[in-house]
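If you want the building blocks of each chain, they are given just below.
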Amino acid sequence: MLIITSPHNPTLKLIRSLAEKKHRQEHGLFVAEGANVLDRARKEGWEPVYLLTTTHAEPWGKAQLMRVDEKIMEQVSAQKNPPKQIGVFRQRWAEAVKPEGLWVALEDMRDPGNLGTIIRTADAAGAAGLILAGQSCDPFSADCVRATMGSIFAMPLVRMEQKPFLSLLRGWPGESVGTHLKATESYRRPYKAPTLLVMGSEGKGLSDEASQACSSLVRIPMKGGAESLNVAIATGLMLFEAQGL
């Protein structure tokens, strides 16, 4: 195990730089913090490039183990209460969508906290994967990774530009179901497999193009005076209804 005592160590500088999207994209890396999150990564077969620890740590594949003190861990961590371990992993993107089971598509998802919550909920509901269509925030940002609580390591993620995404909706072999405030059909109904749930952005909802490309549209009834539901809450309701849970 390599013992690091200087905050100016080049590897520590690299890890700190991953707080910015441009550096995550440049290096293809991201940071995950905390023992429970790292346990999930190990369970799902991921292997870190670097593993920082303030305590003893068992070897993990070819990961470079780095022992640091609590002060340095505070400088590296994005959390108010730094963990005892931080892992740096290579980003993974699924190359294509396999139209099997239940998928979730998110159009122009901008909030990393919502995205992380959706990834975690999709994992809990047993979804097959998640599509990020259009202009999406970075799922490997610290806020998103933290909100997934480790599910980032279990959920296949696919990036798609708008045009191929619309083609996917039109050609989906089962049912592509979009949520829309103007839909007349309730979301409480059977769903035809394979199912693709299509959710719009937090502020604008589904685009007209995506709404028209879906095979059906549903709405989540609301009794109160709120104009709409938080997208993570709405996606959770859709996921568990579609799975019959």
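Just so it is clear, the structure is predicted and the values come from calculations on it, not from any experiment.

The rules behind each value
- Residues numbered from 1 in each chain as written.
- Predicted model: local features only at pLDDT ≥ 70, side-chain atom pairs only at ≥ 80, totals over all residues.
- Heavy atoms only, no water.
- Helix = DSSP H or I, 4+ residues; strand = E, 2+ residues; numbered from the N terminus.
- Rg over C-alpha atoms; globule rule 2.2 N^0.38 Å.
- Buried < 20%, exposed > 50% of the residue type's maximum accessible area, 1.4 Å probe, protein only.
- Contact = heavy atoms within 4.5 Å.
- Areas by Shrake-Rupley, 256 points an atom, 1.4 Å probe, with all protein chains shown as cover.
- Lys, Arg positive; Asp, Glu negative; His and termini not counted.
- Charge placed at Lys NZ, Arg CZ, Asp CG, Glu CD.
- Patch = residues over 30% accessible without salt bridge, like charges linked within 9 Å, V, L, I, M, F, W, Y side chains within 5 Å.
- Salt bridge = Lys/Arg side-chain N within 4 Å of Asp/Glu carboxyl O.
- Pairing = 2+ DSSP bridges.
- Axes fitted to C-alpha atoms, helices over the stretch in contact; angles between N-to-C directions.
- Parallel < 35°, antiparallel > 145°, perpendicular 65-115°, else oblique.
- Left-handed = near helix turned anticlockwise from the far one by under 90°.
- Nonpolar A, V, L, I, M, F, W, Y, C, P; charged D, E, K, R; others polar.
- Polar contact = N/O pair within 3.5 Å; in protein donor to acceptor, adjacent residues only side chain to side chain.
- Arc of directions from axis to C-beta.

1. Examining the overall build of the chain
Part 1 of the reasoning: Helix and strand counts for the chain come out as nine helices and 11 strands.
Part 2 of the reasoning: Taking 18 Å as the expected radius of gyration for a compact globule of 245 residues, we find that the chain reaches 20 Å, a close match to that expectation.
Part 3 of the reasoning: With the principal axes as the frame, the chain shows a C-alpha extent of 60 × 40 × 30 Å.
Part 4 of the reasoning: Taking all 245 residues of the chain together, the buried fraction comes to 49%.
Part 5 of the reasoning: Of the contacts made within the chain by residues no fewer than 6 positions apart, 74% connect residues no fewer than 24 positions apart.
Part 6 of the reasoning: When the accessible surface of the chain is summed, it comes to about 12,600 Å², and 49% of that surface belongs to carbon and sulfur atoms.
Part 7 of the reasoning: Once the 29 positive and 26 negative side-chain charges of the chain are each reduced to a mean point, those two points are 1 Å apart.

2. Brief notes about a nonpolar patch on the surface
Part 1 of the reasoning: On the surface, a cluster of nonpolar side chains totalling about 410 Å² of accessible area is made up of Leu181, Met222, Leu229, Ile233 and Leu237.
Part 2 of the reasoning: As for its position among the elements, Ile233 is in helix α9 (residues 231-242).

3. Thoughts on the sheet that holds strand β2 (residues 29-33)
Part 1 of the reasoning: Taken together, five strands build an open sheet; the order of strands is β1-β4-β3-β5-β2 and the sheet is mixed. Both outer strands of the open sheet, β1 (2-3) and β2, are each paired with one neighbouring strand and no more.
Part 2 of the reasoning: One ladder, built from four bridges, connects strand β3 (residues 50-53) with strand β4 (residues 64-67); its direction is parallel. Bridging across to β4, Leu52 finds its partner in Met66.

4. Let's talk about the pairing of β3
Part 1 of the reasoning: On β3, burial covers both faces: Tyr50 and Leu52 on one face and Leu51 and Thr53 on the other are all buried.
Part 2 of the reasoning: Alignment of β3 against strand β5 (residues 85-90), held across four bridges, turns out to be antiparallel. Bridge pairing in β5 places Tyr50 opposite Val88.

5. Comments concerning the packing of helix α5 (residues 112-125) against α9
Part 1 of the reasoning: At a minimum axis separation of 9 Å, α5 and α9 run at an interaxial angle of 15°. As summarised for this structure, α5 and α9 are arranged roughly parallel, according to the angle between their axes. Here α5 runs over α9; the crossing is right-handed. For the pair α5 and α9, contact is made by Asn114, Thr117, Ile118, Thr121, Ala122, Ala124 and Ala125 and by Val231, Ala232, Thr235, Gly236, Leu239 and Phe240, respectively.
Part 2 of the reasoning: By residue class, the composition of the contact of α5 with α9 is eight nonpolar, five polar and no charged.

6. Some words on the side chain of Ser77
Part 1 of the reasoning: Structurally, Ser77 can be placed in the loop between α4 (70-76) and β5.
Part 2 of the reasoning: With relative accessibility at 10%, the residue Ser77 sits in the buried group.
Part 3 of the reasoning: Polar contacts involving the side chain of Ser77 include one to the main-chain amide nitrogen of Gln79, which spans 3.0 Å.
Part 4 of the reasoning: Contact partners of Ser77, with chain neighbours within four places excluded, come to Glu33, Pro82, Pro83 and Ile86.

7. Focus: helix α7 (residues 162-171)
Part 1 of the reasoning: Among all positions of α7, only Phe165, Leu166, Leu168 and Leu169 are buried. When α7 is viewed along its axis, its buried side chains cluster within an angular range of 155° and face the same direction. Opposite the packed face of α7, turned more than 90 degrees from it, sit the exposed residues Lys163, Arg170 and Gly171.
Part 2 of the reasoning: On its buried face, α7 sits against β6 (102-107), β7 (129-133), β8 (157-160), β9 (175-179), β10 (195-199) and α8 (208-213).

8. Concerning the sheet that holds strand β11 (residues 216-218)
Part 1 of the reasoning: Taken in spatial order, the six strands of this open sheet run β8-β7-β6-β10-β9-β11, and their pairing is parallel. In this open sheet, the two strands that pair with only one neighbour each are β8 and β11. Strand-to-strand twist across the sheet, computed as the mean angle between neighbouring axes with direction ignored, equals 25°.
Part 2 of the reasoning: Inspection of the sheet shows β9 paired to β11 by three bridges, in the parallel sense. Paired with Gly178 across the bridge in β11 is Leu217.
Part 3 of the reasoning: Relative to the sheet, α5 contacts β6, β7 and β8, its axis offset from that of β7 by approximately 155°.

9. Quick look at the environment of Glu202
Part 1 of the reasoning: Within the secondary structure, Glu202 is located in the loop between β10 and α8.
Part 2 of the reasoning: Exposure remark for Glu202: the relative accessible area of 28% places this residue in the partly exposed category.
Part 3 of the reasoning: Sequence separation between Glu202 and Arg110 is 92 residues, and the spatial gap between their C-alpha atoms is 7.4 Å.
Part 4 of the reasoning: In this structure Glu202 touches Asp108, Met109, Arg110, Asp111, Asn114 and Val231, once residues within four positions along its chain are discounted.
Part 5 of the reasoning: Of the polar contacts made by the side chain of Glu202, one reaches the backbone nitrogen of Asp111; its length is 3.0 Å.

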